Structure formats: structure tokens, C-alpha cells
Amino acid sequence: MFRSTALISILVVAMSSMALASSSCVAFDTAWNLLAFGFNGKDYNAGTQDTWGSGTAADITTTGRPPFNGANTTCYLSQFTNAIYVMNADSANPSSIYLYDATAKSWSTQSVTTGSFDPSSFSAILDHDTNVFYALSKGEIFSLDMGLLKSANSTALSWTDVQKASFNTDGYQPVMALAQNHIHFLNVPGVPTGDAIIFVIHFSFMQPTPQSYGNFPAMHGQATSFFKDSGVQEEFAYIPDDASGTFVINVETNTTQALKGPTVKDPLATYFASTSALVQLSSAGAVSFLPYSPGSASNSAATWSVISKLPVASPSTPSASGSSASGTSSSSGTGAAKAAGATQSSTGGANGAVSGKSVRYGLAGALSVGIAAVLMI
């Protein structure tokens, strides 16, 4: 009986940790300040990369923010508007998108009509040039046009079914990356290691053959694009679930750099990149980063470092969530022209965010089954 109780306790703690970081997210604004949302009921601005080694992050918590109590919250940077779009941050309104205007430091809530799109099961990118979300959900590619919104419209936006994916998505846990206005699908069954299937956004066209980018693992993982000060992203980072390395794919040269994997080996971690840093938010709520310089040979020697300027994220308290959410409103205006089992590595060294929902739901289900199994012992 003691053994069963201990195992149940471990599994419950594991599920708590999963809920913890999946309801928080990090992102950058267009001045490349690191923003952290849903950290202990608060939001923070940690400043630019050169300041992360000291000081305290500024508290930017204000009214109208989401409660950050949803599953698999994800943040995206709209570079043209300097706005952060936040999905799945409100369990009571899972289809709503919260907009944080990083210039005005204000929140608003955009209502969204889902149609056949499932907000509980998808992976998405925010295209740089069009400011349109593209998502893969249950084998279909959907789009959601955000216009140039930095505050919410009074009229609901709608997800549109673009087309069926050209490849077999049965059992596929999407790994999606954005570069050159193309969506790159990694780890597609039957596709050679180091290759990606490409969806050309501007023509709604799936390239008929995969594109080779060199050598990176065929494994589920997370991906996020490196921004540029202007223009479309040309590189993205892919981190496999085993954190065996950080693989930076350049779609201009069709090559891959293999850099150090995250220090925290965590398949539930999420990532966001600026122009010069790749940031990890672990499922235990800790934030670390890998410095990156496009085209530099020094990248191979770069190591991951903890950003101690930010607190460790923990779930929002009911009072903090309730009071924050109560100020939420929808306003009109378009503006102008993203844990459990985590271990510390002994080797050192580790749009915007791309959401990856399936793996977390799968792990949550596995943990639930594990608890049921233990109860039968």
C-alpha cells in the first residue's frame, strides 16, 4: 500500500508540474525585451539580453490580462504591430485570443469563431508578412487572419479551413517551423532524416517533394524561429524531445548547425527566440537561454544560462486569476502597420513560438493511465 501511495504521489506531482509551465509563456517585443506571462499570477519584462545577468524583472501586470489557467498556453509576436498574441490562456474561453499591446502595455480580448477548428488540439505558427495564423488540427490546415490588430476588434474573427494536409497525419504529433513565409513540417512519418515537408503560405501550396536541410534527428520536438530586425525569418531552431542538441536550420543555405542541447532535458519545455537568443521555459517554470549570432562560428561554443532575473513560474492563484480576468474587455481598433521528469544535464550548455499540443495531452493521458494502473496494484 505504501508503494502504491508513493507512486500515486509522484504521478500527481508530475501532472501538477505539467499544468504549471503549460499555462505560462515567454515572448519578445520588437525592442527584444523578454516578456514573461503567467508567472505566479504576474507578468514581467526582463529587459534586453545584455541585462539578464542582474537585477529584477519589471512587473508589468495590469488589468484585462487572461487568467493563464489554460492548457498549453502559447505566445506569438506580431512584429509589424509590436503585439503579443496569446492562445489557450483562459480555460473558460479556450477559443479567445488575448492581445498584449507591448507599446501601450494594455490587454484586450479577441473573440474567435472556430467552425470545425479544434482549439484543444492543434499546432500553429504566426506568419511574419501576412500576420495570419496557420494551424494543423486533425489533419486539416486552418488559417486565422489577424489583420494588423494590436487591440481587439468588436467583431469576431473566424478560423478558415484551407485544405487537407498532403501527408498522412494519423498519429503525427506536429513539429512546425516558420521561415521565409514557408511552414516546415518536421518528423513527418516516412520522410528522410534531415528533411522537411513545406507548405508555401503565399500560394497555399504543399511542395510535392521534401526539402533536405542536412542532418537533424527524426524525433518529436519543439521549434521556433529566429527573428530579424526587419524582414522574414530565415532560420529556426529545432530541439528534439531528448534535448540531444539544438539544431538551427537555415532555409537560405539549406544547412543545419548542431549546437549544444538545453541544460534542462525537458520534453515539455517551450521555446521562443529573438534575433540573438533562444529562450527555454521549462515545465518546472525556470527560464534559460542560449546566445546565438547568425553566421558566427562562435555559436558552437555557446552555452545555456539561467535567467535568474525572472522568478520561477508557478500556477496562478484563484484570486490573482480572477481579479486580472475581471478587467478583460473587447475593444475595437486595428492599430498600424507566440517538469515532471525534467533533469539537469551534467554536460552543461542548453512569429515566434510554435505551439505543440499533442505531446502534452499524450503525456497527461499516460500519467492518468499510470495512476489508474497503480490503484490496481
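Details of the structure are given in the entry above.
(A) Representation of the overall build of the protein. Looking only at helices and strands, one finds three helices and 29 strands in the protein. Scored against the burial criterion, the 377 residues of the protein give a buried share of 54%.

(B) Focus on the sheet that holds strand S14 (residues 160–164). Pairing is antiparallel in the open sheet, where four strands are placed in the order S10-S11-S12-S14. Only two strands of the sheet have a single neighbouring strand rather than two, namely strand S10 (123–126) and S14. The mean angle between the axes of side-by-side strands here comes to 25 degrees, regardless of whether they run parallel or antiparallel. Across four bridges, the pairing between strand S12 (residues 140–145) and S14 is antiparallel. Looking across to S14, one finds that Phe142 is bridged to Asp161.

(C) Structural context of the pairing of strand S3 (residues 42–45). Looking at chain direction, strand S2 (residues 34–39) and S3 are connected through three bridges and run antiparallel. If you follow Leu35 over to S3, its bridge partner there is Asn45. Hairpin connection, S2 to S3: the antiparallel pair is bridged by two residues, and Asn40 has positive phi, about 60 degrees.

(D) Quick peek at the pattern of salt bridges. Inspection of every chain in the model, using the stated rule, returns four salt bridges. Across the pair Asp59 and Lys42 runs a salt bridge, and its minimum N-O distance is 3.4 Å. Of this pair, Asp59 sits in strand S4 (residues 58–59) while Lys42 sits in strand S3, and the two are 17 residues apart along the sequence. Overall, Lys42 belongs to the partly exposed group, its relative accessible area being 35%. The shortest N-O distance in the salt bridge between Glu234 and Lys228 comes to 3.3 Å. Among the residues examined, Glu234 registers a relative accessible area of 24% and is labelled partly exposed.

(E) Geometry of the packing of aromatic side chains. Counted by the stated rule, this structure contains 23 aromatic pairs. Their ring planes at 15 degrees and their centres at 3.9 Å tell us that Phe117 and Trp159 sit as a pair that is stacked. Remark: Trp159 occurs in the loop between strand S13 (157–158) and S14 and Phe117 occurs in the loop between strand S9 (112–113) and S10; sequence separation between them is 42 residues. Assessed through its relative accessible area of 4%, Phe117 is described here as buried.

(F) Region of interest: the sheet that holds strand S8 (residues 106–110). Sheet architecture is open: four strands sit in the order S5-S6-S7-S8, paired in antiparallel fashion. Each edge of the open sheet is held by one strand with a lone partner, namely strand S5 (74–78) and S8. Going across the sheet, the axis of each strand differs from the next one's by a mean of 25 degrees, ignoring polarity. As defined by bridge partners, strand S7 (residues 97–101) adjoins S8 across five bridges and the pair is classed as antiparallel.

(G) Highlighting empty space enclosed by the protein. Estimated volume of the largest cavity: approximately 50 Å³. Taken together, Met87, Asn88, Pro94, Ser95, Ser96, Phe117, Pro119, Phe122 and Trp159 make up the full set of residues lining the largest cavity. A breakdown of the residues in the lining of the largest cavity according to their chemical character gives six nonpolar, three polar and no charged.

(H) Up close: unusual backbone geometry. Within the chain, Asn40 stands out as a residue other than glycine whose phi angle is a positive 60 degrees. Structurally, the position occupied by Asn40 is in the loop between S2 and S3. Overall, Asn40 belongs to the partly exposed group, its relative accessible area being 29%. Phi is positive for Lys138, close to 55 degrees, though the residue is something other than glycine. Looking at where Lys138 falls in the secondary structure, it is placed in the loop between strand S11 (132–137) and S12.

(I) Broad picture of the environment of Ser244. Summarising the element assignment, Ser244 is placed in the loop between strand S21 (235–240) and strand S22 (246–250). As for Ser244 and Pro217, which are separated by 27 residues in sequence, their C-alpha atoms are 9.1 Å apart. In contact with Ser244, other than residues within four places in its own chain, are Pro217 and Gly261. One polar contact links Ser244 to Asp242, side chain to side chain, over a distance of 2.9 Å.

(J) Fine view of the side chain of Asn33. Take Asn33: it is sitting in the loop between strand S1 (25–28) and S2. Residues in contact with Asn33, not counting those within four places in the same chain, are Ala27, Phe28, Asn45, Gly47 and Thr48.

About the cut-offs
Residues numbered from 1 in each chain as written. Predicted model: local features only at pLDDT ≥ 70, side-chain atom pairs only at ≥ 80, totals over all residues. Heavy atoms only, no water. Helix = DSSP H or I, 4+ residues; strand = E, 2+ residues; numbered from the N terminus. Buried < 20%, exposed > 50% of the residue type's maximum accessible area, 1.4 Å probe, protein only. Pairing = 2+ DSSP bridges. Axes fitted to C-alpha atoms, helices over the stretch in contact; angles between N-to-C directions. Salt bridge = Lys/Arg side-chain N within 4 Å of Asp/Glu carboxyl O. Phe/Tyr/Trp six-rings, centres within 6.5 Å; stacked < 30°, edge-to-face > 60°. 1 Å grid on protein atoms, 1.4 Å probe; cavity = no way out; pocket = protein on both sides within 12 Å on 5 of 7 lines; lining within 4 Å. Points joined across faces, edges and corners; volume = space filled by probe spheres on them. Nonpolar A, V, L, I, M, F, W, Y, C, P; charged D, E, K, R; others polar. Contact = heavy atoms within 4.5 Å. Polar contact = N/O pair within 3.5 Å; in protein donor to acceptor, adjacent residues only side chain to side chain.

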